[in-house]
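Structural description and commentary
One letter stands for each residue in the lines below.
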Amino acid sequence: MTSPDSQERLKEEAKNIQTRIGTLIKDKDPKARMLRALCIYAGLMTETLLEYEEPDIIMEQAFHRIADLLRTDPSDSAEPDALMPLATVIDHDTELGRLLARNTAEKLPKGLDDLHEIAIALIINDVPLWEKEGYARDRMLRLMVECVIESLTFEMATQDFCDFLVEDFMTDNAHATSESLVGIGAVAGYYFHVAEDEMKLPEGTDKDLLNVMVRESLRHGTPGTKNWAALAAANDVDDKKIPQYLKEIKPSIEEFFVLIGLDDPLGRAVAVAKAAGRMVAVISVEDVGQIHPSIAKSLAKTGMILGTQYKEHVIPA
C-alpha cells in the first residue's frame, strides 16, 4: 500500500510533468496542443512498458484499467482516425515523453513503476478535459492506444533491425560497416518514397524523417554535429549497389512489418530511420567496425537520399 508521503510525491512529480509539457508545447491551436500532449503521455506509458518482459500484456491491463476509470472503451473503427498524427510526429513527441519518464523515474522511490501510475493518472485527468473541448473520450482513448502501440513498435523494430544488420548483413554476409549504413538508410528512403506515392505528405516531411535518424543517433551517444542537413553527401557511395542492398535487407524488414501489422509506409520509414540512426551510434561509438561519426552520419544520410530516389517499388530478383 502506498504511504501518504509517497502519494504526495507522486502528485508533485505529476504536476512537474504537466508544467514541463506546458513549456515543451508551443502550439497555440487547441487541437494541436491536445494531440501533442496525448503523444507525450503515450511516450510516458511506452517507457514504463519497456521495463516489463511482456509489455503487450501490461499495456492491455493498463488500458483496461484506464477504460474502467474513464467509463468508456476505445472507439472501434476499421478506418484510421483523421486526428491521428503522422508517424514522424508520433515519434518526435513520444520520445519527448520517454525522456521525461526516464528523468522523472530517477527521482521516484519505485522508479518506472511509480511513473506508470503517474502516466495513468495524467491520462484519466486530461481526457475528460479534452472531452469538454469537443473530443469524445472514446476517440481520445483510441488515439492514445494507437500512439502507444506505434511507439512500442518503433522501439522493438529498431532493435530488431540493428540486430539483423550486425548478425546477418555484416557478419554472415560479410558486408562492410559502411555498406550497412548505406543499406539501412536506403530502406528508410525507399519506404518514404512509397509513402509519398500513397499519401499526401506535408512539405518538410523528408526533413522530419532525417531528424528521426538524427535524434536516435544522438540519443545513443553519437558525438559531433546535430545538423545532418549540412553534411556533404558521401561521394564514394556506389548508387548502383542500392538495388542489391534493398534486395538483401528489405525482405527481413518487410517480414517484421507484416508480422506486427504495421502497414503505414511512413510508419515503416520512421522505424527503419530510427534503426539507421542507432546503427550510426553503434558503429561510430561502440566497437563495431569503428567509423568516424561524421562519415557514419554522411553514409546513412546518403543511403536515405538514394533510397528516396529509387523509382521501382518492386525490388529486382
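This text follows the structure it describes.
First things first, this report covers the structure right here in the doc. (Residues numbered from 1 in each chain as written. Predicted model: local features only at pLDDT ≥ 70, side-chain atom pairs only at ≥ 80, totals over all residues. Heavy atoms only, no water.)

1. Comments concerning the environment of Ala-296
What counts, and what does not: Helix and strand definitions follow DSSP, with helices as H or I runs of at least four residues and strands as E runs of at least two, each counted in order from the N terminus. Type-normalised accessible area, obtained with a 1.4 Å probe on protein chains alone, sets the label of each residue: buried when under 20%, exposed when over 50%, and partly exposed for intermediate values. For this analysis, residues touch if any pair of their heavy atoms sits within 4.5 Å.
Secondary-structure assignment places Ala-296 in helix 11 (residues 293-308). A relative accessible area of 0% means that Ala-296 is categorised as buried. Here the alpha-carbon distance between Ala-296 and Asp-68, two residues 228 residues apart in the chain, equals 48 Å. In this structure Ala-296 touches Leu-181, Val-280, Ser-284 and Ile-291, once residues within four positions along its chain are discounted.

2. A few points about the pattern of salt bridges
This is how the line gets drawn: For this document, the term salt bridge refers to a Lys or Arg side-chain nitrogen within 4 Å of an Asp or Glu carboxyl oxygen.
All told, the structure shown has 21 salt bridges when counted by the stated rule. With a shortest N-O distance of 2.8 Å, Arg-139 and Asp-81 are connected by a salt bridge. With Arg-139 in helix 6 (residues 137-172) and Asp-81 in the loop between helix 3 (55-70) and helix 4 (87-105), this residue pair connects regions lying 58 residues apart in the sequence. On the basis of relative accessibility, which here comes to 29%, the residue Arg-139 falls in the partly exposed class. Here Asp-91 ties to Lys-274 by a salt bridge, and the two come within 2.9 Å at their closest N and O atoms.

3. Here's the deal with the side chain of Glu-13
On the secondary structure map, Glu-13 appears in helix 1 (residues 4-24). Those residues in contact with Glu-13 that sit more than four places away from it in its chain are Thr-104, Lys-107, Leu-108 and Ile-118.

4. A few points about helix 6
Definition in use: Any helix carries an expected span of 1.5 Å times its number of residues minus one. Throughout, bend refers to the angle between the axes fitted to the seven residues that end at a position and the seven residues that start at it.
If you check helix 6, its first and last C-alpha atoms are 50 Å apart, about what 36 residues at 1.5 Å a residue would give, namely 52 Å. Its maximal kink placed at Leu-165, helix 6 deviates by approximately 30°. Ala-174 lies just past helix 6 and shows a positive phi near 55°.

5. Notes on the state of the cysteines
The condition that has to hold: Any two cysteine sulfur atoms within 2.5 Å of one another count as a disulfide.
The tally for this structure, following the rule as stated, stands at zero disulfides. Just so you know, Cys-147 is unpaired, no disulfide at all, and the nearest cysteine sulfur is the one on Cys-39, 3.9 Å from it. In this structure Cys-147 comes out as buried when scored by relative accessible area, which is 0%.

6. A look at a negative patch on the surface
Keep this limit in mind: Residues with no salt bridge and a relative accessible area higher than 30% make up the patches, which join like charges within 9 Å and nonpolar side chains (Val, Leu, Ile, Met, Phe, Trp, Tyr) within 5 Å. Values of accessible area rely on a 1.4 Å probe in the Shrake-Rupley scheme; residue burial ignores everything except the protein chains shown. The sign given to each residue is positive for Lys and Arg and negative for Asp and Glu; His and the chain ends receive no count. To locate a charge, take atom NZ for lysine, CZ for arginine, CG for aspartate or CD for glutamate.
Together, Glu-196, Asp-197, Glu-198, Glu-203, Asp-206 and Asp-208 make up a negatively charged patch on the protein surface. Broken down by secondary-structure element, the contributors of at least two residues to the negative patch are helix 7 (177-198) and helix 8 (205-219). A total of three residues in the negative patch trace back to one element, the largest contributor, which is helix 7. By the secondary structure assignment, Glu-196 is in helix 7.

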